[in-house]
Amino acid sequence: MSDKLKNAKIIFVVGGPGSGKGTQCEKVVAKYGYTHLSSGDLLRAEVASGSERGKQLSAIMQKGELVPLDTVLDMIKEAMIAKADVSKGYLIDGYPREVKQGEEFEKKIGAPSLLLYIDAKSETMVKRLMKRGETSGRADDNEETIKKRLDLYYKATEPVIAFYQGRGIVRKIDSEGSVDDVFSNVAKAIDSLK
Ligand SMILES: Nc1nc2c(ncn2[C@H]2C[C@H](O)[C@@H](COP(=O)(O)OP(=O)(O)OP(=O)(O)O)O2)c(=O)[nH]1
Ligand SMILES: Nc1ncnc2c1ncn2[C@@H]1O[C@H](COP(=O)(O)OP(=O)(O)O)[C@@H](O)[C@H]1O
Ligand SMILES: [Mg+2]
């Protein structure tokens, strides 16, 4: 446990690739002033820096595989500490992606008070990602890698949801509707925390 983060309010945002995690997190930031940390964004920033570590990460991400747990957890923890004095709470987007990641996070940082499960059909996610791929410049927004990311999501990440369901902190959000409809349910879940 980190002292600086001892009383931090933590929300895990979990959902398949392209389910709309990033889109909803931006809206939560605007309304509630929470700090949004996307593991994917942190990793892409490291890749963009051109560092040696970034090069290794880039190869893994292009294949749609998971990067080593310690790498991503260290990045998240560092980013959380950097905001600790000003943050009202943290949205941890794209993490945990496997049960082990959740366990390590709790050992090194703290426990989440809510898990937002952003749920969309696989066809919907593929459609959104193919569309996003036209402009995103993301090396993993192509048909082959999208399929791998989806497979890995169902295999490794869905068990994370079951794990936290046992603790009663999961709120499932149907993300098939419009961005605003989805957000009204996200806001209800966050309001229920207070
Ligand atoms: N129609 C519709 N489109 C949405 C909705 N939410 C997001 N989108 C679009 C915006 C993006 O182009 C695409 C993927 O959204 P995000 O980048 O927010 O997804 P996410 O962060 O879950 O994906 P990632 O895990 O980073 O690949 O889908 C929604 O509720 N309705
Ligand atoms: N928590 C994590 N653990 C391991 N690898 C991760 C994690 N978060 C992101 N990544 C890596 O970054 C890539 C992109 O992640 P992200 O932006 O969350 O998109 P998506 O959820 O659509 O796959 C993943 O395919 C993976 O290689
Ligand atoms: Mg995202």
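Everything discussed here concerns the structure shown above.
Residues numbered from 1 in each chain as written. Chains lettered and ligands numbered in written order. Predicted model: local features only at pLDDT ≥ 70, side-chain atom pairs only at ≥ 80, totals over all residues. Heavy atoms only, no water.

**Quick look at the layout of surface pockets**
In this structure, the largest pocket occupies an estimated 960 Å³ of space. Elements with a minimum of two residues in the lining of the largest pocket: β1 (10–15), α1 (21–32), β2 (35–38), α2 (39–48), α6 (122–136), α7 (143–165) and α8 (179–191). Looking at the lining of the largest pocket residue by residue, the classes come out as 15 nonpolar, 19 polar and twelve charged. Of the voids in this model, the second largest pocket is the one considered here, and its volume is about 150 Å³. Along its surface, the second largest pocket is lined by R44, V47, S58, M61, Q62, G137, R138, A139 and D140. Broken down by element, the lining of the second largest pocket gets its largest block of residues, three residues, from helix α3 (residues 52–62). For the lining of the second largest pocket, the residue count by class is three nonpolar, three polar and three charged. (1 Å grid on protein atoms, 1.4 Å probe; cavity = no way out; pocket = protein on both sides within 12 Å on 5 of 7 lines; lining within 4 Å. Points joined across faces, edges and corners; volume = space filled by probe spheres on them. Helix = DSSP H or I, 4+ residues; strand = E, 2+ residues; numbered from the N terminus. Nonpolar A, V, L, I, M, F, W, Y, C, P; charged D, E, K, R; others polar.)

**A look at the packing of aromatic side chains**
Scanning the entire structure with this criterion turns up six aromatic pairs. Judged by centre distance (5.8 Å) and plane angle (75°), the ring pair of F12 and Y164 falls under edge-to-face. Note that F12 is positioned in strand β1 and Y164 in helix α7, a separation of 152 residues in sequence. Taken individually, F12 and Y164 each receive the classification buried, so the pair is uniform in this respect. Taken together, the ring pairs connect F12, Y95, F105, F163 and Y164 into an aromatic cluster. If you follow K27 out to its NZ or CZ, it ends over the ring of F183, 5.5 Å from the centre. (Phe/Tyr/Trp six-rings, centres within 6.5 Å; stacked < 30°, edge-to-face > 60°. Buried < 20%, exposed > 50% of the residue type's maximum accessible area, 1.4 Å probe, protein only. Lys NZ or Arg CZ within 6 Å of the ring centre and 35° of its normal.)

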